[in-house]
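Given next are the chains, with one letter for each unit.
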Amino acid sequence: MRTMGTPLVIVESPAKARTISRFLGDEYRVEASIGHIRDLVSVGPKDKPLGVDTENGFKPIYVVPKEKKAQVKQLREAVQDASALYLATDEDREGESISWHLLEVLKPEVPVFRLVFHEITVSAIQKALQSPRAVDESLVKAQEARRIVDRLFGYPVSKLLWQKVGPKLSAGRVQSVAVRLVVERERARMAHTSADWWDIRGPFNHAEGTFDAHLTHWEGTSIATGRNFDANGKLKSKKLVIMGKEQATAAVKALSNGPSEVLSVDERPYQDSPSPPFTTSTLQQEANRRFKWAAKKTMNAAQRLYENGWITYMRTDSVSLSSQAIAAARGLIHKEYGDAYMPESPRFYKGKAKNAQEAHEAIRPAGEQFRSLGEAKSQLGHDESRLYELIWKRTVGCQMSNARGRTITVKVKAGDGQFEAKGKTIEFAGYRLAYVADHDDPEAAAADAEKILPPVKGGDALTAGELEAKGHSTKPPPRLTEAALVKEMEERGIGRPSTYASIIETIINRDYVFKKGSALVPTWTAIA
């Protein structure tokens, strides 16, 4: 057994290799495999055309692609001169598979160690070196099984598409379902029947101030709004009345000079808890909502942050944080915001997804102390800095105190009508000082905003301002955005969060879906 030379560390990417090489110094040689070095043969022999021997235990037929041969040759030469081999590929199934393929191809004659770490920091790498393990065969087999299923399902269905729809089309067990979700939403939009309804809104003046209210009842009957209609444009309840244009115009005329008063004031305290730290899918969703980023752009920026030691591993479905991360977050809260914003005990989160692996930590700033936002702005590119700030704020915010405030509902009697105004006050901002999640729905975002009503009480006299009758039409369900598609797939247990970016990129590149603004629209090919 060869023992001379320098220990060799192999990672996936050149960027990751540069960062780790900087930490390890001249005592180790660090090289990159540049992703997978082997894959299933694209065109198998006549008796095994799918590259899988289905007659003998579904044995895969692997080859080194032409474009990877030079890299494999370089790695073979590096192993020849090494005293030991450390496989430091990512800690997920793909990373485990890359390590296994490296062993199969390089056939090292030196001691082999598997290194795993969820962040690229000096302390994490040193800890990994102190406790290496063997390649996990179960993870390798799991990745291999998925790859074989992809091939056995995708190739035959692709062939069917060529025969029935058009040439050069492809299918896959996740991309096909993603296309179907987009098409089903489009069909629901096409099937929607619009319904018209009117409402009345306007200001009411009080000695302490003015507030806006909308009509909820007319002549003792509840007024229908958009959410009261089904997809066919029919009312869901017979107890509601649809206000038409003539009736709404006449009501405004009748109410404009009449007296009005406060019927009741309902005031209730509320507490609002922070969102859990980011997983792969929630990071993609939030970056799409805030920055209008495609999932691929988010993952590319996150990959660069991870490889350069700024954040923990970015492919995860876990919302748990390590004790190290919680201590770092609480230390920052104490320093930046004060102890009033820190709960007595740390917050612990648990994922809701039934098929979550929970194998890694949530996505968070790396290290025992989080690098500052100022440091990020000065050292990172624009995209990486924005994404790091989002991750930093969400991580710190998830360990902060609840926001507290009051919700106020004021009901107003005016002639034969009843109006309603809702307000919200924030008395203690809590975690909101650090982070507030964005909404998919603009109406939900508006409802979440702080609205202060004047201090009115039951029986107070009011004066109606200039009321306005306004017509509306029900809208079909909105098209799926990237964020909404990711959310839909995760909730249904379709695919893995780490693959969503590549799935969406694939269905766009293959012209199954195109973007109209941020919405995903299916093509006729997708519908076929």
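Located above this text is the structure these notes cover.
Just so it is clear, the structure is predicted and the values come from calculations on it, not from any experiment. (Residues numbered from 1 in each chain as written. Predicted model: local features only at pLDDT ≥ 70, side-chain atom pairs only at ≥ 80, totals over all residues. Heavy atoms only, no water.)

This part is about the side chain of H192. Tracing the backbone through its elements, the reader meets H192 in the loop between α6 (175-191) and β9 (196-206). A polar atom in the side chain of H192 sits 3.4 Å from the side chain of T474. Those residues within four positions of H192 in sequence are excluded, and the remaining contacts are A231, T474, K475 and P476. (Helix = DSSP H or I, 4+ residues; strand = E, 2+ residues; numbered from the N terminus. Polar contact = N/O pair within 3.5 Å; in protein donor to acceptor, adjacent residues only side chain to side chain. Contact = heavy atoms within 4.5 Å.)

What follows is about the pattern of salt bridges. A complete count under the given rule lists 29 salt bridges for this structure. A salt bridge links R371 to E375, with the shortest nitrogen-to-oxygen separation between them at 3.4 Å. The partly exposed category is assigned to E375, whose relative accessible area is 27%. Residues joined in a network through salt bridges with shared partners are E12, K16 and D90. (Salt bridge = Lys/Arg side-chain N within 4 Å of Asp/Glu carboxyl O. Buried < 20%, exposed > 50% of the residue type's maximum accessible area, 1.4 Å probe, protein only.)

In this section: the nonpolar core. A general feature of soluble globular proteins is that nonpolar side chains tend to end up buried together. Ranked by internal contacts, the top residues of the largest apolar core, which has 84 residues, are F117, I311, F370, L387, Y388 and L485. F117 has contacts with K16, I20, A88, E91, A124, I125, A128 and Y306, leaving out every residue within four places of it along the chain. Counting residues in hydrophobic clusters, the runner-up holds 24 residues, among them I200, W218, A251 and A464. (Core = buried A, V, L, I, M, F, W, Y, C linked by side-chain atoms within 4.5 Å.)

As a further point, take the packing of aromatic side chains. This model, assessed by the stated rule, comprises 10 aromatic pairs. Note on Y62 and W100: the rings are 6.3 Å apart at their centroids and 65 degrees apart in plane angle, and the pair reads as edge-to-face. With a gap of 38 residues between them, Y62 in strand β6 (residues 62-63) and W100 in helix α3 (residues 93-106) connect regions that are remote in the sequence. Neither Y62 nor W100 differs from the other in exposure class; each is buried. (Phe/Tyr/Trp six-rings, centres within 6.5 Å; stacked < 30°, edge-to-face > 60°.)

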